[in-house]
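# Structure assessment
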Amino acid sequence: MLDLNPRRVKIDNNMERSYRFDFRDIIRAPAGALSAKKILVMTLALCLGVVCYDLFTYLALAIAGHGPGFVFSTQGFFPFQVFDFTNGIQWGLYAAGLFFALLSVMMGFTAVAVFDIEEARGNRFMHTRQAIRFAVSRLPQLFLTELAIILFVAFIVFLFFLFGLLTRLPVLGEWLYALFFAIPNFIIAILTVFIIAVFQASWILTPAVLAADRIGETFTAILETFSTLIRQPVRWLAYTAYTIVAAKLCSFVYAYFCYRSVQFIGWAGGLGGGRQTSDLIRNGLAHLPVSSDTVRETFNIFPGIDFGISLERWSRGGGEEAVGYLMALMLFLIFASIIGYFLAIIASGQARAYIVIRKLKDNYDLTAESPLFFEDEPVNERIEPSD
C-alpha cells in the first residue's frame, strides 16, 4: 500500500531503526546489503544490463559485417571490450547498449536503496516484488535525469562548436576567439566540467535520491543530486570511498564462500555420480570467460594485490555437450550474485549516505517519515461498557 503521508506511522518499537547521522551509519552498509532480497534484485538488474548490452553490441557487430556465430565463437556471451567500429551507426548502437545497461543497473540501485530507506523509516518487511515495482516506476525519472544532463552538456558543446567557427572569419575571427576565451568561455567550461563530474556520480547517487523521494519528480532528483555534491562533497566522497573499498573486500569473502560451495557440491555429488559431476562443472566453466580481467579481479582481493582464487585450472577439459551451456548459465548466476552483492553494498551505502547528508545539509530527517509500503493492522474500535 503506497502511503504518501509524511507523518510517522505508529510501528512496533522492535521495527524502529535509530540513525546517528554520522559515519557509524555508513559502516553498517556491508552487513545491511548481505540480504537475499537485496542481492537478488541487484543480480536481476545486472543480468538485465548484460542482456541489453549484448543485444546492442551484437547488432552493432552484425552491421559491421561480423556474423553472430563468429562473434559468439570468439567473444561468447560477454563481448566486454572496445571494438573498432567504422561508422556512427555502429558506435551509436554500442553507446546505446552501454547506456541501457547502466540504466538497468541504476534500477537495481534504486531497488536496493528503497529497502534501506524503508528500513530507516521503520518498515523492515518490504517485499521483493514491491522493491522491483518501485524501481520500475522510477525508471522514467532515472532516464530523464540522465538524459537532461547529457542534453545540457551536448548543448554546451554545440555552443563551443559555434564559437570555434569564429576562427574561420578573416582578420577578426581569431581576435574574437582570443578575446572571449577567458570570459565567459573558460567559466562556462569549468561549470560544464563540474556537471560532467556530477553526471558520473549520478549513476550511483541519483537512485538513492529517487528512492527517498515520495513523489518521484525528475527536477527534484536533479536538484537533490547537485545539492548533495555541492554542499557536502567531501563527506559524500569519504562515504563513497569507504563503501567501495568495503564492497570489494566483502564481495571477495562472499566469492570465496561461493567457490568453496561449488567445490562442495561437486565433491558431495561425486560420491554418487562419480567424475561426471566434476566434469559437468568443468564443462560449464569452459563456456565462461574465466580468464578475463573481470573474473580475475572479482576473485582477487584488491587490484594490484596477487591474492585470490584462480578458476583457470577448473575450466580445462570441458566438452561441447548441450547440458554444458545450462551448467554455464547456472554458474554465471552464481558469479553474477558476487557482483550483485558488490553493487548492493554500494547502493546501500549511497542510501545511508543520503539520509545522513540530507539531515546535515537541510536538517530534514528522512527517518521521521512514514513508510511508503506499510499498512497498519486493522484493529476493532474499543467498545465502552453499557450501563
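These figures come from a predicted structure and were not determined experimentally. Just so you know, the residues in each chain are numbered from 1, in the order the chain's sequence is written. Whole-chain, interface and lining totals are the exception, using all residues; otherwise, since this is a predicted model, local features are given only for residues with pLDDT of at least 70 and side-chain atom pairs are given and counted only at 80 or more. By convention in this description, side-chain values take in all heavy atoms of the structure and omit both hydrogens and water.

Attention now goes to unusual backbone geometry. Across the junction of Ile 183 and Pro 184, the peptide omega takes the value 10°, indicating a cis bond. With phi around 60°, Phe 21 is a residue other than glycine that occupies positive phi space. Here Phe 21 is to be found in the segment before helix H1 (23–27). For every residue, the accessible area obtained with a 1.4 Å probe (protein chains only) is divided by the maximum for its type, and the residue is called buried under 20%, exposed over 50%, and partly exposed between those limits. Take Phe 21: its relative accessible area is 16%, and that puts it in the buried class. Note on conventions: DSSP H or I runs of at least 4 residues are helices, E runs of at least 2 residues are strands, and numbering of each starts at the N terminus.

At their nearest, the axes of helix H9 (residues 181–212) and helix H14 (residues 322–362) sit 9 Å apart, and the two run at 60° to each other. With respect to H14, the axis of H9 lies oblique. Note that H9 runs across H14; the crossing there is right-handed. Within the contact between the two elements, H9 uses Ile 204, Leu 205, Ala 208, Val 209 and Ala 212 and H14 uses Ile 346, Gln 350, Ala 351 and Tyr 354. Only Asp, Glu, Lys and Arg are considered charged, only Ala, Val, Leu, Ile, Met, Phe, Trp, Tyr, Cys and Pro nonpolar, and every remaining residue, Gly among them, polar. The residue inventory of the contact of H9 with H14, partitioned by class, reads eight nonpolar, one polar and no charged. Lines fitted to C-alpha atoms define the axes, with helix axes restricted to the stretch in contact, and inter-axis angles between N-to-C directions lie between 0 and 180 degrees. Each angle receives one of four descriptions, namely roughly parallel if under 35 degrees, roughly antiparallel if over 145, roughly perpendicular if within 65 to 115, and oblique otherwise. Two helices cross in a left-handed way if the nearer one is turned anticlockwise from the farther one by less than a right angle. They cross in a right-handed way if the turn is clockwise. When checking whether two residues touch, look at their non-hydrogen atoms; a contact exists if any pair is within 4.5 Å.

Take the pattern of salt bridges next. Any carboxyl oxygen of Asp or Glu within 4 Å of a side-chain nitrogen of Lys or Arg constitutes a salt bridge here. Counted by the stated rule, this structure contains 14 salt bridges. As a salt-bridge pair, Asp 116 and Arg 352 come within 3.4 Å of each other at their nearest N and O atoms. Placement of the pair is Asp 116 in helix H5 (residues 88–121) and Arg 352 in helix H14, with a sequence separation of 236 residues. Of the two residues, Asp 116 and Arg 352, neither departs from the other in class, the shared state being buried. A salt bridge links Lys 361 to Glu 224; the shortest N-O distance between them is 3.1 Å. Taken together, the residues Lys 361 in helix H14 and Glu 224 in helix H10 (residues 218–231) connect sequence positions 137 residues apart. You can call Glu 224 buried: its relative accessible area is 11%.

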